[in-house]
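# Secondary and tertiary structure notes
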Amino acid sequence: MVNLDVLAIAAHPDDVEQTCGGALMRMAAHGYRTGALDLTAGDMGTRGTPEQRMAEAEVAARHLRLGWRGNLRFPDARLQNDIAARMTLAVKIRELRPRVVILPYWEGRHPDHYRASELGYEACFLAGLKKLDEYSEPHRPYKVIYASSYANVTPSFVVDISAQFDARMAALMSYQSQYGAQAGGSGLFPEEQEIRERLGAVARFYGNLIGVKYGEPFVVKETMQVDDIVNMGVRSI
Ligand SMILES: [Zn+2]
């Protein structure tokens, strides 16, 4: 058993680096034990091999200061939310015992992303059932939050990642097979500078919503509780 404080579940290696890597780094700085579980190894990708992607994910994990990273090797680009996938993921969640799970936002362009969201939620539920599996202890995460960088929705909250933004970018650039300058597949993939500008613009936009330089947005389905209305963040006027 691992007992993570926060686990990000994502469809592809490099998704976490683009959507919640800054928040994970900040939580690691607070002393929390963080982890990332990638569901596929990008085997349908034009560039690189799954083995390369997984080796790059390990390098990225060090930039993100993750305490744990794993890959379930589900099929890329055709991720299915079926009973076998749900069971495999649920048993993994019982092993890792995260208090908080970060999932991709439940709508998006790439089917793997919204499937990962639904699969992740249902696996979190199953993980809490005593009789699911006789070899592992039940565990249901306390909180599920959704990383919404790529969804055009108003976030429930934004995490200030101004101090983490550069390291998060370095983590993303660890995926040299995807983002390094090379001939194969060029034209399909934006160059490194373009990616930096695009991710910088997204993080600046969300940072601006809370009056900081860079931010990562999240959506929660439950209402947020406030205990001290005198010390709330983000200025109104
Ligand atoms: Zn992805």
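All values derive from a computational prediction rather than experimental measurement. (Residues numbered from 1 in each chain as written. Predicted model: local features only at pLDDT ≥ 70, side-chain atom pairs only at ≥ 80, totals over all residues. Heavy atoms only, no water.)

### Some remarks on the overall build of the chain
Cut-off, in case you're wondering: Labels follow the DSSP assignment, with helices taken as runs of H or I lasting at least four residues and strands as runs of E lasting at least two, numbered in each case from the N terminus. For every residue, the accessible area (1.4 Å probe, protein chains only) is compared with the maximum for its type, and the residue is labelled buried under 20%, exposed over 50%, or partly exposed between those bounds. Here a residue-residue contact requires only that any non-hydrogen atoms of the pair lie within 4.5 Å. Each accessible area is a Shrake-Rupley result for a 1.4 Å probe, and residues are judged covered by the shown protein chains and nothing else.
Helices and strands together make up the secondary structure of the chain, namely eight helices and seven strands. Counting only residues that meet the buried cut, the chain has 49% of its 237 residues in that class. For the chain, long-range pairs separated by at least 24 residues make up 80% of all intrachain contacts whose partners lie at least 6 apart in sequence. Total accessible area on the chain stands at roughly 12,300 Å², and carbon and sulfur atoms take up 51% of it.

### Describing the nonpolar core
The nonpolar side chains of soluble globular proteins are, as a tendency, buried together. Where we set the bar: In these notes, a set of buried Ala, Val, Leu, Ile, Met, Phe, Trp, Tyr and Cys residues joined through side-chain atoms within 4.5 Å is what counts as a nonpolar core.
Val16, Cys20, Leu24, Ile102, Leu172 and Phe218 are the most contacted members of the largest nonpolar core, which has 33 residues in total. Every element with two or more residues in this core is listed here: strand 1 (6-10), helix 2 (21-29), helix 3 (50-63), strand 4 (100-104), strand 5 (143-147), helix 6 (165-172) and helix 8 (192-209). Counting residues per element, this core draws most heavily on helix 6, which supplies four residues. If we ignore the near neighbours within four places in the chain, the residues touching Val16 are Ala8, Ala10, Gly21, Leu24, Ala36, Asp38, Leu64 and Arg69.

### Thoughts on the coordination of the zinc ion
Just so we agree on the cut-off: Donor selection uses N, O and S atoms within 2.8 Å of the metal (3.2 Å for Na, K and Ca). Since no water is included, sites may look incomplete. Only two sets of limits are used to name each site, 85 to 135 degrees for every angle of a tetrahedral four-donor site, and over 155 degrees for opposite donors with all other angles from 65 to 115 for a square planar four-donor or octahedral six-donor site, with any other site named irregular.
Taken together, His12 (ND1), Asp15 (OD), Asp15 (OD) and His113 (NE2) make up the protein donors of the zinc ion, found 2.1 to 2.6 Å from the metal. Between the four donor atoms coordinating the zinc ion, the angles at the centre fall across 55 to 118°, so the site counts as irregular. Each donor residue of the zinc ion lies on the same chain, and together they follow the pattern H-x2-D-x97-H. With His12 in the loop between strand 1 and helix 1 (15-19) and His113 in helix 5 (residues 111-127), the pair connects residues that are 101 residues apart, well separated along the chain. Take His12: its relative accessible area is 7%, and that puts it in the buried class. The partly exposed category is assigned to His113, whose relative accessible area is 25%.

### Thoughts on the pattern of salt bridges
One side chain can pair with another of opposite charge once the charged atoms of both are near each other. Which entries qualify depends on this criterion: Counted as salt bridges are all cases of a side-chain nitrogen of Lys or Arg within 4 Å of a carboxyl oxygen of Asp or Glu.
For the coordinates displayed, the defined rule picks out 10 salt bridges. Taking the shortest distance from any N to any O, the salt bridge between Glu194 and Arg198 comes out at 3.7 Å. Here Glu194 pairs with Arg198, and both are found in helix 8, just four residues apart, close to one helical turn. On the basis of relative accessible area, Glu194 is assigned to the partly exposed category, the value being 37%.

### Here's the deal with the sheet that holds strand 3 (residues 68-74)
Heads up, the rule is: Pairing between strands requires that DSSP locate at least two bridges from one strand to the other. Fitted lines through C-alpha atoms serve as axes, helices being fitted only where they are in contact, and the angles separating the N-to-C directions of these axes extend from 0 to 180 degrees.
Taking strand neighbours across the sheet as the criterion, the seven strands line up as 3-2-1-4-5-7-6 in an open arrangement whose pairing is mixed. Lying at the two open borders of the sheet, with one neighbouring strand each, are strand 3 and strand 6 (157-160). In this sheet, neighbouring strand axes are inclined to one another by 25° on average, regardless of whether the strands run parallel or antiparallel.

### Describing unusual backbone geometry
Look at Asp14: it is not a glycine, yet its phi comes out positive at around 95°. With respect to the helices, strands and loops of the structure, Asp14 is situated in the loop between strand 1 and helix 1. Although it is not a glycine, Val234 sits at a positive phi angle of roughly 70°. Mapped onto the elements, Val234 comes out in the segment after strand 7 (215-219).

### A short note on a nonpolar patch on the surface
Our working definition: Like-charged residues are merged into a patch within 9 Å and nonpolar side chains (Val, Leu, Ile, Met, Phe, Trp, Tyr) within 5 Å, provided each residue has over 30% relative accessible area and no salt bridge.
A cluster of nonpolar side chains, contributed by Val226, Ile229, Val230 and Met232, occupies part of the molecular surface with about 460 Å² of accessible area. Secondary-structure assignment places Ile229 in the segment after strand 7.

### Focus: helix 2
Working note: α-helix, 3.6 residues per turn, so residues spaced by three or four point in the same direction. When helix 2 is considered as a whole, its buried residues turn out to be Gly21, Gly22, Ala23, Leu24, Met25 and Ala28. Downstream of helix 2 by one or two residues, Gly31 has phi in the positive range, about 95°.

### Focus: the packing of aromatic side chains
Stated precisely, the cut-off is as follows: Aromatic pairs are defined between Phe, Tyr and Trp rings, using the six-membered ring for Trp, whenever the two ring centres lie within 6.5 Å; interplanar angles under 30 degrees are classed as stacked, those over 60 as edge-to-face, and all others as tilted.
Taken as a whole and judged by the stated rule, the model has five aromatic pairs. Ring geometry for Phe157 and Phe218: centres 5.4 Å apart, planes at 20°, overall stacked. Of the two residues, Phe157 is situated in strand 6 and Phe218 in strand 7; the sequence distance between them amounts to 61 residues. Ring geometry for Phe165 against Tyr214: centres 3.9 Å apart, planes inclined by 15°, an arrangement best described as stacked. Here Tyr214 lies in the loop between helix 8 and strand 7 and Phe165 lies in helix 6, a separation of 49 residues in the sequence.

### Side note on the packing of helix 4 (residues 83-96) against helix 5
For clarity, the threshold we go by: Roughly parallel refers to an angle under 35 degrees, roughly antiparallel to one over 145, roughly perpendicular to one between 65 and 115, and oblique to any angle outside these ranges. A crossing counts as left-handed when the near helix is turned anticlockwise from the far one by less than a right angle, and as right-handed when that turn is clockwise. Asp, Glu, Lys and Arg are counted as charged, while Ala, Val, Leu, Ile, Met, Phe, Trp, Tyr, Cys and Pro are counted as nonpolar; the rest, among them Gly, fall into the polar class.
Direction vectors running N to C along helix 4 and helix 5 enclose 60°, while the axes themselves pass 8 Å from each other. In this view, helix 4 runs oblique relative to helix 5, as classed from their interaxial angle. Classified by chirality, the crossing of helix 5 by helix 4 is right-handed. Listed contacts from helix 5 to Ala85, Arg86, Leu89, Ala90, Ile93 and Arg94 of helix 4 are Leu119, Gly120, Glu122, Ala123, Cys124, Leu126 and Ala127. Along the lines of polarity and charge, the residues of the contact of helix 4 with helix 5 split into nine nonpolar, one polar and three charged.

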